[in-house]
Amino acid sequence: MRVAVLTAAVAIAIIVGFLLFGETALAPSPGLKVTVLFLMVISLLMVGVPIAVSLGLSSTLFLLVLSDTSLASIAQSLFQAMFGHPLLIAIPFFILASTFMSTGGVARRIIDFSIACVGHFPGGLAIAGVFACMMFAALSGSSPSTVVAVGSIVIAGMQRVGYTKDFAAGVVCNAGTLGILIPPSIVMVVYAAATNVSIQRMFMAGILPGILAGLMLMIAIYIYARVAKLPKGEWEGWGEVFDTGARAGWGLFLIVIILGGIYGGIFTPTEAAAVAAVYAFIIAAFVYRDMGPLKPAEDDPTRTPLPLFEKPYALATAWVHPDTRDALYDAGKLTITLLFIIANALILKHVLTDEQIPQAITSSILDAGFGPLMFLVIVNIILLIGGQFMEPSGLILIVAPLIFPIAIELGIDPIHLGIIIVVNMEIGMITPPVGLNLFVTSGVAGMPMLRVVRAASPWLGLLVIFLIVVTYVPEISTTLPNYFYGPEVIVQ
Amino acid sequence: MAEREPEPEGLFARVIGEIEKTLIALMLGAMVLITTINVFFRYTFNWRPVNWLEEQLAFTWPDMLGWGYQTSLILFAWLVLFGMGHAVRKRAHLGVDVIVNLSDRSGRKVLALVSVFFCLAYAFLLMKGSWDYFSSFVNLPSTTGRWFPTGLSEMSFRNLQAFYTFDEIGMPSWLLWMEGVFGEEYDKLPRSVGYVMLPIGTVLFFGAFVRSLLRILRDREDRLITSHEAEDEVEAVSRRGGA
């Protein structure tokens, strides 16, 4: 009770104080203004106000008190957040593709394929879990959905063959973070939209670090498995690899559509996302038949899906089947919450640019004489702290415009900066107290939060080492995009 | 994580909820299909068999490049503006629940009441802003006052902007009645059609918070937020017997 009243009182005091005295007290100092703005946001967040409303209300009050902006133009920017940012429309499409793909069937087939490939190594099932996470990451743009899809199957399977639950949960919790590093990635779309970096380059840049991070995890598991004598599976032969591969192939072909389509110059990234969503629907409804009119009957113990010739009208009805509507609705709901945060973060971004905060921060950082590395360490710390309060895409929209100009001044490659930010977000997802993946894993594995935190922490160390490597060696991020697109031209 | 009570919903609420779900699904589905079909037409309009067919049958292959693109963007904005209230009612908006979880029942009620007050304030400001912005595109007066609507503005050229249109989207015939209403001739879709979702969406948004306020007062709900986006999926997994 006391904490609650105190938090509420602080928030009310800050807002009322700002409304009463903001205009006279804050006008002379831009630094102070922004501090108060962020204090408003954080105090509202602590009370339990939705992130989007915290950002929007703080910015609106700020604009009404300290500038000439009218409410009408705030409403306009709310509309323009979607209408004026054609890149962001890729987000709902990627979410939708991932929703169709997340039906148990696709994850199951990818996991079978992974086990056939790497299951015979010591610690094979864990390595297969990482491999499956990597592949699923290449289908979906978000980390939590990767953890849910892969974790709900793999954690139970690992326990059955004799791994501890903690080990299983720790591995999946970490490997799931690859969802935002391996393209496509919603976080990268937001970074590209916030900084006008090419999204094609960003996706391309994520491939090598994503594979590297996955390999690091796998090698660590392998070493641990040799030491701890973890069980290994049987090598089933190439036949099994091809069999499972063919079954998973329909799902994995989505990677070809997205990446091949974008890099072959066939689609824009937005179009690729839309085509991927339609493809994922067709696969889910007509090939795998985990949803829609052809899915197996509830009372069928063998769970065989119906053949199309028995129900040819399914070709038409699948498009309006309740399952399809529910998938569209689920993806739509997630889109609404994410985009509403993004739209309000854009209003806050306008406030910051109007106040010329990026310039002020740039000059103060440069005057302080920070080198590129010191700067990147500061970025790491800001993102890790910010990640505790904020949804990743909202955080990027606010932080990226602040640090981007400094990075350019310091000669840091924008693509490299983007990858560093994404890897930071990954670490934030498995850092207590508010790591997103920790919550999800705890829910999926049915383990208390504290146990998941402990289970994930050794692997967290690995990811931190990975962050250091990625930070110090820009070539990991920039080689592929520079090879395919030529050196980055920085347009300010 | 927050324990969720089963939703005791009346028939009316259920019907409205279903309609909203369907509308959200339709908007997203239309966005995806329009964008995909757009790609198809972009690749086929210069294709020789198509051109031959065009000559033979004397028709033009639909070119939806421009309007398809803008229409999907309008639907995108509609989806979010329409759905933001629905997301409040489904408690889908993300937030930080650290303090909320640290508090006891009465503390949570205090926090929920304070936060719903701030949300109502924001929704109210957005409602005023939306009307002020939208009204000029339908030749209606906006409201005066910086914070609160203190009255209606004098009509001037600023309020007579119904002639603005989207530059890519043609005027559908079933909307031609708008010409009579506004005394304009439209060959493109008027801007007001796109912007109309602003006042609708913000009113729904405000209404959703009023509902939350009532539910908090009756102890049916103790927060407005969910801590992470995958809560529903995780719940579904644990319902299936967990991992």
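Only a predicted model underlies this, so the values are computations on that prediction, with no experimental measurement involved.

What to know about the overall build of chain A
Phase 1 of the analysis: Helix and strand content of chain A: 22 helices and 0 strands.
Phase 2 of the analysis: For 492 residues, the compact-globule estimate of 2.2 N^0.38 gives 23 Å, and the C-alpha radius of gyration of chain A, at 24 Å, lies within 12% of that figure.
Phase 3 of the analysis: Based on the C-alpha atoms only, the size of chain A along its principal axes is roughly 75 × 55 × 55 Å.
Phase 4 of the analysis: Classification of the 492 residues of chain A by burial places 62% in the buried group.
Phase 5 of the analysis: At a minimum sequence separation of 6, the contacts of chain A that also span at least 24 residues come to 76%.
Phase 6 of the analysis: Accessible surface, chain A as shown: approximately 17900 Å² in total, 68% of it carbon and sulfur.
Phase 7 of the analysis: Treating the 20 positive side-chain charges of chain A as one cloud and the 26 negative ones as another, the clouds have centres 11 Å apart.

Some thoughts on the interface of chain B and chain A
Phase 1 of the analysis: Across the contact, 81 residues belong to chain B and 88 residues belong to chain A.
Phase 2 of the analysis: The contact between chain B and chain A buries some 7100 Å² in all, and 78% of this surface belongs to carbon and sulfur atoms.
Phase 3 of the analysis: Measuring nitrogen to oxygen at the nearest pair gives 3.1 Å for the salt bridge that ties Glu18(B) to Arg325(A).
Phase 4 of the analysis: Taken together, the links from chain B to chain A amount to 10 residue pairs in polar contact (both at pLDDT 80 or more).

Thoughts on the packing of helix α7 (residues 124–137) of chain A against helix α11 (residues 199–228) of chain A
All names here are of chain A.
Phase 1 of the analysis: The N-to-C vectors of α7 and α11 enclose an angle of 170°; their axes lie 9 Å apart at closest approach. In terms of orientation, α7 and α11 fall into the roughly antiparallel class. Counted together, Ala126, Ile127, Val130, Phe131 and Met134 of α7 and Gly210, Ile211, Gly214, Leu217, Met218, Ile221 and Tyr222 of α11 form the full contact between these two elements.
Phase 2 of the analysis: Its residues assigned to classes, the contact of α7 with α11 comprises 10 nonpolar, 2 polar and no charged.

Quick notes on the environment of Asp290(A)
Phase 1 of the analysis: Its location among the elements puts Asp290(A) in the loop between α13 (269–287) and α14 (314–317).
Phase 2 of the analysis: Along the primary structure Asp290(A) and Tyr263(A) are separated by 27 residues, whereas in three dimensions their C-alpha atoms are 31 Å apart.

Concerning the side chain of Thr36(B)
Phase 1 of the analysis: As for its position among the elements, Thr36(B) is in helix α1 (residues 11–44).
Phase 2 of the analysis: The class for Thr36(B) is buried, based on a relative accessible area of 17%.
Phase 3 of the analysis: Excluding anything up to four places from it in sequence, Thr36(B) contacts Ala274(A), Val275(A) and Val278(A).

Concerning a negative patch on the surface
Residue and element names in this part refer to chain A.
Phase 1 of the analysis: A cluster of acidic side chains, namely Glu234, Glu236, Glu240 and Asp243, defines a negative patch on the protein surface.
Phase 2 of the analysis: Relative to the helices and strands, Glu234 is located in the loop between α11 and α12 (238–263).
Phase 3 of the analysis: When its relative accessible area of 65% is taken as the criterion, Glu234 is described as exposed.

Some words on helix α8 (residues 197–217) of chain B
Phase 1 of the analysis: Across its 21 residues, α8(B) extends 30 Å between first and last C-alpha, which sits within 8% of the 30 Å expected from 1.5 Å per residue.
Phase 2 of the analysis: Phi turns positive one or two residues past the end of α8(B), at Asp219(B), with a value near 60°.

Regarding the environment of Val15(B)
Phase 1 of the analysis: Inspection of the secondary structure assignment puts Val15(B) in helix α1.
Phase 2 of the analysis: Here the alpha-carbon distance between Val15(B) and Glu221(B), two residues 206 residues apart in the chain, equals 21 Å.

Some words on the packing of aromatic side chains
Phase 1 of the analysis: Taken as a whole, this structure holds 27 aromatic pairs over all chains when the rule is applied.
Phase 2 of the analysis: Taken together, the ring pairs in this structure connect Phe79(A), Phe83(A), Tyr133(B), Phe137(B), Tyr164(B), Phe166(B) and Tyr195(B) into an aromatic cluster.
Phase 3 of the analysis: In this structure, Arg109(A) packs its charged tip against the face of Tyr288(A), placed 3.8 Å from the ring centre.

Notes on the pattern of salt bridges
Residue and element names in this part refer to chain B.
Phase 1 of the analysis: Applying the stated criterion across every chain yields a total of 11 salt bridges over all chains.
Phase 2 of the analysis: In this structure, Arg108 and Asp222 form a salt bridge, with 2.6 Å as the shortest nitrogen-oxygen distance. Of this pair, Arg108 sits in helix α5 (residues 105–135) while Asp222 sits in the loop between α8 and α9 (231–239), placing them 114 residues apart in sequence.
Phase 3 of the analysis: With relative accessibility at 15%, the residue Arg108 sits in the buried group.
Phase 4 of the analysis: Residues participating in the shared-partner salt-bridge network are Asp97, Arg108, Asp222 and Arg223.

Some details on α12(A)
Side chains of residues three or four places apart in an α-helix project in the same direction, reflecting 3.6 residues per turn.
Phase 1 of the analysis: For α12(A), spanning 26 residues, the distance from its first C-alpha to its last is only 31 Å, which falls clearly below the expected 38 Å at 1.5 Å a residue.
Phase 2 of the analysis: Residue Gly249(A) marks the point of greatest curvature in α12(A), where the axis turns by about 60°.

Digging into the environment of Ile365(A)
Residues and elements named next belong to chain A.
Phase 1 of the analysis: For Ile365, the position within the fold is in helix α16 (residues 357–367).
Phase 2 of the analysis: Along the primary structure Ile365 and Ile403 are separated by 38 residues, whereas in three dimensions their C-alpha atoms are 9.9 Å apart.
Phase 3 of the analysis: Excluding anything up to four places from it in sequence, Ile365 contacts Phe370, Phe375, Ile378 and Ile406.

Looking at unusual backbone geometry
Phase 1 of the analysis: Of note, the amide linkage connecting Pro183(A) to Pro184(A) takes the cis form, showing an omega dihedral of -5°.
Phase 2 of the analysis: Of note, Arg91(B) is a non-glycine position whose phi angle comes to about 50°, a positive value.
Phase 3 of the analysis: On the secondary structure map, Arg91(B) appears in the loop between α3 (65–89) and α4 (98–102).
Phase 4 of the analysis: Positive phi, close to 55°, is recorded for Asn139(B), a residue that is not glycine.
Phase 5 of the analysis: Mapped onto the elements, Asn139(B) comes out in the loop between α5 and β1 (143–144).

Definitions and limits used
Residues numbered from 1 in each chain as written. Chains lettered and ligands numbered in written order. Predicted model: local features only at pLDDT ≥ 70, side-chain atom pairs only at ≥ 80, totals over all residues. Heavy atoms only, no water. Helix = DSSP H or I, 4+ residues; strand = E, 2+ residues; numbered from the N terminus. Rg over C-alpha atoms; globule rule 2.2 N^0.38 Å. Buried < 20%, exposed > 50% of the residue type's maximum accessible area, 1.4 Å probe, protein only. Contact = heavy atoms within 4.5 Å. Areas by Shrake-Rupley, 256 points an atom, 1.4 Å probe, with all protein chains shown as cover. Lys, Arg positive; Asp, Glu negative; His and termini not counted. Charge placed at Lys NZ, Arg CZ, Asp CG, Glu CD. Buried area = accessible area lost by both parts, 1.4 Å probe. Salt bridge = Lys/Arg side-chain N within 4 Å of Asp/Glu carboxyl O. Polar contact = N/O pair within 3.5 Å; in protein donor to acceptor, adjacent residues only side chain to side chain. Axes fitted to C-alpha atoms, helices over the stretch in contact; angles between N-to-C directions. Parallel < 35°, antiparallel > 145°, perpendicular 65-115°, else oblique. Nonpolar A, V, L, I, M, F, W, Y, C, P; charged D, E, K, R; others polar. Patch = residues over 30% accessible without salt bridge, like charges linked within 9 Å, V, L, I, M, F, W, Y side chains within 5 Å. Expected span 1.5 Å × (residues − 1). Phe/Tyr/Trp six-rings, centres within 6.5 Å; stacked < 30°, edge-to-face > 60°. Lys NZ or Arg CZ within 6 Å of the ring centre and 35° of its normal. Bend = angle between axes of the 7 residues up to and from the residue.

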